[in-house]
Amino acid sequence: MGTEDGFVRVASLAEVPEGELRCFDLEIGRVTVAQVENELFAFGDECTHEGCSLAEGELGEGEETVVCPCHGSEFDLRSGEPLAGPAADPVPVYPVRVRDGWIELRPEPEA
Ligand code: FES
């Protein structure tokens, strides 16, 4: 369901508990949403190394990163940039917010 400003509903807030990662199938592809200290992050689920699902990985130490389950690439949740390889390219990150208990994101990567 779209909104006037381009955000689409992804899930209810309860579906992404604090400290967890959840993957959702959207028109733009698989997107993972993470909740860290009451802040939400949304990024492309596919690791840019060999395409493993980042939702099946773990939050990194300090919890501002996600670590790929396959070969350990670590991505910054805010920028999508790889902080540790083997991945060399960033994952897309999306603007995300909560409205009336729903998680909404704008399916255009942040510039
Ligand atoms: Fe993610 Fe290799 S597929 S690190």
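For the structure, check the block above.
Structure report, in brief. (Residues numbered from 1 in each chain as written. Predicted model: local features only at pLDDT ≥ 70, side-chain atom pairs only at ≥ 80, totals over all residues. Heavy atoms only, no water.)

Regarding the state of the cysteines
Note on terminology: a disulfide is the covalent bond linking the sulfur atoms of two cysteines. The full count for this structure, using the stated rule, is 1 disulfide. At a sulfur-sulfur separation of 1.9 Å, the disulfide partner of Cys52 is Cys70. Because the torsion about its S-S bond is -90°, the bridge between Cys52 and Cys70 counts as left-handed. Remark: Cys70 occurs in the loop between strand E6 (65–67) and strand E7 (74–76) and Cys52 occurs in the loop between strand E4 (39–44) and strand E5 (58–59); sequence separation between them is 18 residues. With relative accessibility at 37%, the residue Cys70 sits in the partly exposed group. (Disulfide = S-S within 2.5 Å. Helix = DSSP H or I, 4+ residues; strand = E, 2+ residues; numbered from the N terminus. Buried < 20%, exposed > 50% of the residue type's maximum accessible area, 1.4 Å probe, protein only.)

Re the packing of aromatic side chains
Overall, the coordinates contain 0 aromatic pairs when judged by the stated rule. Here the guanidinium or amino end of Arg97 rests over the ring plane of Phe7, the centre of that ring lying 3.8 Å away. (Phe/Tyr/Trp six-rings, centres within 6.5 Å; stacked < 30°, edge-to-face > 60°. Lys NZ or Arg CZ within 6 Å of the ring centre and 35° of its normal.)

A closer look at the pairing of strand E3 (residues 29–36)
Among the 8 residues in E3, 6 count as buried, and that is most of the element. Across 6 bridges, the pairing between strand E2 (residues 21–26) and E3 is antiparallel. Looking across to E3, one finds that Cys23 is bridged to Thr32. Direction of pairing for E3 relative to E4: antiparallel, over a ladder of 6 bridges. Along E4, the bridge assignment pairs Thr32 with Phe43. Two successive antiparallel strands, E3 and E4, enclose a turn made up of 2 residues, where Glu37 displays a positive phi of approximately 50°. (Pairing = 2+ DSSP bridges.)

Coordinates in, geometry out; function isn't part of it.
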